[in-house]
Amino acid sequence: MMIYTSSLLPSLHNSPFVPSLSSCYNYNSSTSNNMVSEKIQENIKLPIIDLSLEKSQTSKHIVKASEEFGFFKVINHGVDRNVIKRMEDESYSFFSKPFSQKQCAGPANPYGYGCKNIGFNGDNGEVEYLLLHANPLSISQTSKNISSDPLMFSCAVNGYVESVRELACKILELMAQGLKVPQTSVYSNLIMDLHSDSLFRINHYPPFTNWTPHLLGQDSDTSPTTISKVGFGEHTDPQILTILRSNDAPGLQISPQRGLWIPVSSHPNTAFSVFVGDTLQALTNGRFKSVRHRAMVNSCKTRMSMVYFGAPSPHARICCPSELVTTTTTKAPHKPYHLYRSFTWSEYKKIAYSMRLGDTRLDQFSTLQSENSDETTITE
């Protein structure tokens with residue numbers, strides 16, 4: 001099975017595959033204490049890619065999805081259902097504990113249990129979470145403060161992380177193949193590095209029950225199931241690739257265009273959601289788009305997601321392969337052109353985590369920004 005929508009971007013309103021605006025509705029959300037009018041587009045079919053099909057066709061679909069959405073789902077991915085269930089069971093077991101017991105696994109500085117606070121720059125959400133480094137030794141050490149049976153917990157996490165890392169590598173190699181990069185392991189090698197800075201995060205969103213329709217711009221007879229609140233605010237992921245698995249509660253949304261949000265269906269329930277990260281956008285010279293996304297708290301059902309963030313080692317140099325360097329710029333038509341300057345993951349991470357959740361971090365490394373700065377310099 002291969003489900004794929006035709007081009008959504010950049011012209012949503014002119015696309016024959018996009019429903020009329022009558023199927024959209026406006027939603028007022030609170031961001032930084034300001035009411036922002038947004039458009040929710042519910043009927044866009046997001047890409048679902050069957051990884052069991054022929055590689056050359058699959059790689060083309062992955063490239064197309066990454067260019068247009070920066071997002072897609074994968075089915076027939078090869079991750080054992082038992083591995084997923086063990087991780088889900090351990091996750092539910094932890095979050096069902098009394099708050100005082102969960103606090104023993106925190107604070108998240110940076111690893112461990114956190115509640116509502118996201119990062120260190122004042123961002124908050126209706127979420128509690130466990131953040132772990134994906135290194136097996138780190139997982140083993142952290143598990144001692146998380147579970148009464150740390151061996152069982154660490155085995156579940158390590159088994160899950162190993163499986164989704166293999167999935168991430170498979171996807172990254174298909175991406176390289178679709179981009180016609182000769183060394184198809186050029187991206188996967190980065191997250192397979194022994195010193196990879198990959199992370200594993202489990203997010204738990206309790207139901208949002210204290211809703212007031214008129215405060216959210218809704219009619220008083222609106223069904224509670226349509227009411228939602230931001231659980232994890234809009235952002236892009238700074239890493240290379242994100243692999244997300246969630247339960248059947250809705251809430252995940254992506255934003256391929258500013259002010260437009262597309263809800264991500266929880267079906268098929270066997271699928272993984274895949275997000276292009278900032279670093280992969282730089283590694284593809286801007287061809288793939290790091291998509292903004294967020295999680296909304298459902299008004300009547302708990303949402304839980306398990307998220308693997310595939311990252312390079314701190315000293316890995318981030319620079320796109322020469323095959324992806326464009327030579328068609330107006331300033332220098334025959335000169336190879338990089339959209340982003342070379343940087344290390346450590347350098348990018350330092351800047352990324354010094355900014356607010358919703359900030360556009362990758363612009364700090366844009367060569368266009370550097371050129372504009374050079375143009376304003378007066379020389380004699």
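Positions within a chain are numbered from 1, following the residues in the order the chain's sequence is written. Where local features are concerned, this predicted model is filtered to residues with pLDDT of at least 70; where side-chain atom pairs are given and counted, the filter is 80 or more; whole-chain, interface and lining totals use all residues. Only heavy atoms go into the side-chain values, all of them from the structure, while hydrogens and water stay out.

Q: Explain the overall build of the protein chain to me, and be specific about the residues and the numbers.
A: A helix here means a DSSP run of H or I that spans at least four residues, while a strand means a run of E at least two residues long, and both kinds are numbered starting from the N terminus. Of the regular secondary structure elements, the protein chain holds 9 helices and 16 strands. For the protein chain, the proportion of its 380 residues judged to be buried stands at 51%. Of all intrachain contacts in the protein chain linking residues separated by at least 6 positions in sequence, the fraction that spans at least 24 positions is 73%. The classification of residues rests on relative accessible area computed with a 1.4 Å probe and restricted to protein chains. Under 20% of the type maximum is buried, over 50% is exposed, and intermediate values are partly exposed. By the convention used here, residues are in contact when the closest approach between their heavy atoms is within 4.5 Å.

Q: Lay out the state of the cysteines with the relevant residues and their values.
A: The rule for a disulfide is simple: a pair of cysteine sulfur atoms within 2.5 Å. Tallied over the full model, the rule gives 0 disulfides. Counting only cysteine sulfurs, C319 is the nearest neighbor of C320, a cysteine outside any disulfide, at a range of 5.4 Å.

Q: Kindly report on the environment of F365, identifying the contributing residues and their values.
A: Inspection of the secondary structure assignment puts F365 in the loop between α8 (345–352) and α9 (367–375). Judged by its relative accessible area of 0%, F365 is buried. Residues F365 and R341 lie 24 residues apart in sequence; the distance between their C-alpha atoms is 5.8 Å. Among all residues touching F365, those that are not within four sequence positions of it are L339, Y340, R341, F343, E347, Y348 and I351.

Q: Mind laying out the nonpolar core, listing which residues take part and the relevant values?
A: As used in this record, nonpolar core signifies buried Ala, Val, Leu, Ile, Met, Phe, Trp, Tyr and Cys residues forming a set joined through side-chain atoms within 4.5 Å. In this structure, I171, L241, I243 and L280 are the most contacted members of the largest nonpolar core, which totals 64 residues. Per-element tally for this core: the top contributor is helix α5 (residues 150–178), with 13 residues. Aside from chain neighbours lying at most four places away, what touches I171 is L51, F72, V74, L241, I243 and V274. Grouped together as the second largest cluster of nonpolar side chains are 17 residues, Y129, L131, L199 and L252 included.

Q: Hey, could you go over the packing of aromatic side chains for me, with residue numbers and the actual values?
A: Aromatic contacts are taken between Phe, Tyr and Trp rings whose centres are within 6.5 Å, Trp giving its six-membered ring; a plane angle under 30 degrees counts as stacked, one over 60 as edge-to-face, and the others as tilted. Applying the stated rule across the entire model yields 9 aromatic pairs. Measuring from ring centre to ring centre gives 4.6 Å for F343 and F365, while their planes differ by 45°; the resulting arrangement is tilted. One end of the pair, F343, is in strand β16 (residues 343–344); the other, F365, is in the loop between α8 and α9, with 22 residues separating them in the sequence. On the basis of relative accessibility, which here comes to 0%, the residue F343 falls in the buried class. Following the ring pairs from residue to residue traces out a cluster consisting of F94, F95, F99 and Y113. A ring is considered to have a charge above it if a Lys NZ or an Arg CZ atom is located within 6 Å of its centre and within 35 degrees of its normal. In this structure, R201 packs its charged tip against the face of Y129, placed 3.8 Å from the ring centre. Residue placement shows R245 over the ring face of F272; its charged tip is 6.0 Å from the ring centre.

Q: Just give me the short version of helix α1 (residues 55–68), but keep the residues and values in it.
A: For α1, which comprises 14 residues, the first-to-last C-alpha distance of 20 Å matches the rise-based estimate of 20 Å (1.5 Å per residue) to within 8%. Turning to α1, the residues buried within the fold contact β3 (48–50), β4 (71–75), α5 and β12 (272–276). Where α1 ends, the next residue or the one after it, G70, has phi of about 70°, a positive value. Expected helix span is given by 1.5 Å per residue-to-residue step, counting one fewer step than there are residues.

Q: Tell me what's going on with the pattern of salt bridges, and back it up with residues and numbers.
A: Salt bridges are defined by distance alone: a side-chain nitrogen of Lys or Arg within 4 Å of a carboxyl oxygen of Asp or Glu. The final tally for this structure, using the stated rule, is 12 salt bridges. Here K102 ties to E128 by a salt bridge, and the two come within 2.9 Å at their closest N and O atoms. With K102 in helix α3 (residues 99–103) and E128 in strand β6 (residues 123–133), this residue pair connects regions lying 26 residues apart in the sequence. Judged by relative accessible area, which is 6%, K102 ranks as buried. Given a relative accessible area of 6%, E128 falls into the buried group. The residue R292 makes a salt bridge to E234 at a minimum N-O spacing of 3.2 Å. Separated by 58 residues along the polypeptide, R292 in strand β13 (residues 292–298) and E234 in strand β8 (residues 228–235) bring together distant segments of the chain. The exposure class of R292 is buried, given its relative accessible area of 19%. On the basis of relative accessibility, which here comes to 27%, the residue E234 falls in the partly exposed class.

Q: So what's going on with the packing of α1 against α5? Residues and values would help.
A: Lines fitted to the C-alpha atoms define the axes, with helices restricted to the stretch that makes contact. Angles between their N-to-C directions range from 0 to 180 degrees. The N-to-C vectors of α1 and α5 enclose an angle of 90°; their axes lie 8 Å apart at closest approach. Relative to α5, the element α1 is oriented roughly perpendicular. Where α1 abuts α5, its residues K55, S56, T58, S59, I62, V63 and S66 lie against L174, M175, Q177 and G178. Classifying every residue of the contact of α1 with α5 gives 4 nonpolar, 6 polar and 1 charged. Should an angle fall under 35 degrees it is called roughly parallel, over 145 degrees roughly antiparallel, and 65 to 115 degrees roughly perpendicular, with every other angle called oblique. Gly is placed with the polar residues, together with every amino acid not listed as nonpolar (Ala, Val, Leu, Ile, Met, Phe, Trp, Tyr, Cys and Pro) or charged (Asp, Glu, Lys and Arg).

Q: So, the packing of helix α4 (residues 136–143) against α5: which residues are in play, and what are the values?
A: Between α4 and α5, the least distance of the axes is 9 Å, while the angle of their chain directions is 150°. If you check the angle between α4 and α5, you find them roughly antiparallel. You can see that α4 and α5 cross each other, and the crossing is right-handed. Contacts from P136, I139, S140 and S143 in α4 reach P150, F153, S154, V157, N158 and V161 in α5. For the contact of α4 with α5, the class distribution of residues is 6 nonpolar, 4 polar and no charged. Left-handed describes a crossing whose near helix is turned anticlockwise from the far helix by less than a right angle; the clockwise case is right-handed.

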